[in-house]
Amino acid sequence: ALQFVLYEHLKKWVSTSNGVPEGQKGDLRSHELLGAAAVSKFIASVATYPHEVIRTRMRERNSAAVYPTALACVRRVWAEEGLRGMYGGMVPHLMRVVPNTAIIFITYEFVSKWLENHNW
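Throughout this document, residue positions are counted from 1 along each chain, in the order its sequence is written. Selection of residues for local features in this predicted model requires a pLDDT of at least 70, selection of side-chain atom pairs for listing and counting requires 80 or more, and totals for whole chains, interfaces and linings are taken over all residues. Values reported for side chains reflect all heavy atoms of the structure, with hydrogen atoms and water molecules removed beforehand.

Caption draft 1: Here's a closer look at the layout of surface pockets. Method remark: on a 1 Å grid restricted to protein atoms, a set of points is classed as a cavity if a 1.4 Å probe fits but cannot get out and as a pocket if it is open with protein on both sides within 12 Å along at least five of seven lines; lining residues have an atom within 4 Å of a point. Grid points are joined across faces, edges and corners, and a volume is the space filled by probe spheres set on the points. The computed volume of the largest pocket comes to approximately 510 Å³. Lining the largest pocket are 22 residues; nearest its centre among them are Lys-11, Lys-25, Gly-26, Asp-27 and Glu-109. Put simply, the parts of the chain that give the lining of the largest pocket at least two residues each are helix H1 (2-17) and helix H5 (90-117). Counting residues per element, the lining of the largest pocket draws most heavily on H5, which supplies seven residues. In this classification, the charged set is Asp, Glu, Lys and Arg, the nonpolar set is Ala, Val, Leu, Ile, Met, Phe, Trp, Tyr, Cys and Pro, and all remaining amino acids, among them Gly, are polar. Along the lines of polarity and charge, the residues of the lining of the largest pocket split into six nonpolar, seven polar and nine charged. Every helix listed is a DSSP run of H or I at least four residues long, and every strand listed is a run of E at least two residues long, numbered separately from the N terminus.

Following this line, the structure appears as structure tokens:
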């Protein structure tokens, strides 16, 4: 949900920066849409990545003995590995999800605009 809110705010900000009066819809260029999508996904992923780490750790085989609860998992990872443990593997994750999301969002924008122009 965070990603979508950020994306809409970034689109509005870029549109306003391009001189479109606030409240009016301005058409953004492809690179502006890609940038807004990439930045919103990047921020959302960095903010929520520790959740992914905890979820992954708890899904491992025999993890119930090591991590009986999510809170116990957070405490143990933080105590043994610190911030590095909470964000380990994030760079490859970002390299996969940020371009993917940017492509999905710009495809959505183009299809949406095409449908709008063809009275669908």
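Caption draft 2: Structural detail: the packing of helix H2 (residues 30-59) against helix H4 (residues 70-87). Axis definition: a line fitted to C-alpha atoms, over the contacting stretch in the case of helices. Angles run 0 to 180 degrees between N-to-C directions. Direction vectors running N to C along H2 and H4 enclose 120°, while the axes themselves pass 10 Å from each other. As summarised for this structure, H2 and H4 are arranged oblique, according to the angle between their axes. Crossing geometry of H2 relative to H4 is assigned as right-handed. Taking contact as the criterion, the partners of Val-46, Tyr-49, Pro-50, Val-53, Ile-54, Arg-57 and Met-58 in H2 are, on H4, Ala-70, Cys-73, Val-74, Val-77, Glu-81, Gly-85, Met-86 and Tyr-87. Here the contact of H2 with H4 is composed, by residue class, of 12 nonpolar, one polar and two charged. An angle counts as roughly parallel when it lies under 35 degrees, as roughly antiparallel when it exceeds 145, as roughly perpendicular when it falls between 65 and 115, and as oblique in every other case. Helix crossings are classified by the rotation of the near helix relative to the far one: an anticlockwise turn of less than a right angle makes the crossing left-handed, while a clockwise turn makes it right-handed. In this analysis, two residues are considered to be in contact whenever any of their non-hydrogen atoms come within 4.5 Å of each other.

Caption draft 3: Main features of the packing of H1 against H2. Two elements in contact, H1 and H2, have axes separated by 8 Å at closest approach and are oriented at 145°. Of the two possible hands of crossing, H1 and H2 adopt the one that is right-handed. Note on element contacts: H2 touches H1 through Glu-32, Leu-33, Ala-36, Ala-37, Val-39, Ser-40, Lys-41, Ile-43, Ala-44 and Ala-47, opposite Leu-2, Gln-3, Leu-6, Tyr-7, Leu-10, Lys-11 and Val-14. Per-class residue counts for the contact of H1 with H2 are 12 nonpolar, two polar and three charged.

Caption draft 4: Representation of a nonpolar patch on the surface within the structure. Patches here: salt-bridge-free residues with over 30% relative accessible area, like charges joined within 9 Å, nonpolar side chains (Val, Leu, Ile, Met, Phe, Trp, Tyr) joined within 5 Å. Method for areas: the Shrake-Rupley scheme with a 1.4 Å probe, in which residue coverage is limited to the protein chains shown. Should a side-chain nitrogen of Lys or Arg be within 4 Å of a carboxyl oxygen of Asp or Glu, the pair is scored as a salt bridge. Taken together, Val-39, Phe-42 and Ile-43 make up a surface patch of nonpolar side chains, about 250 Å² in accessible area. Along the chain, Phe-42 turns up in helix H2. Relative accessible area serves as the criterion here: at 42%, Phe-42 is assigned to the partly exposed category. To sort residues, take the accessible area from a 1.4 Å probe on protein chains only and compare it with the maximum for the residue type: under 20% means buried, over 50% means exposed, and anything in between is partly exposed.

Caption draft 5: Seen up close, the packing of aromatic side chains. Geometry of aromatic contacts follows a simple scheme: Phe, Tyr and Trp rings, the Trp one being its six-membered ring, pair when their centres are within 6.5 Å, and the pair is stacked under 30 degrees between planes, edge-to-face over 60, tilted otherwise. Using the criterion set out here, one finds three aromatic pairs in the structure. Ring geometry for Phe-4 and Phe-105: centres 5.6 Å apart, planes at 10°, overall stacked. Taken as a pair, Phe-4 in helix H1 and Phe-105 in helix H5 lie far apart in primary sequence, 101 residues in all. Phe-105 gets classed as buried once you look at its relative accessible area, which sits at 10%. Each ring, one from Tyr-49 and one from Tyr-87, has its centre 6.3 Å from the other, and the planes form 25°; the classification is stacked. Here the residue Tyr-49 occupies a position in helix H2, and Tyr-87 occupies one in helix H4, the gap between them amounting to 38 residues. Owing to a relative accessible area of 9%, Tyr-49 belongs among the buried residues under this scheme.

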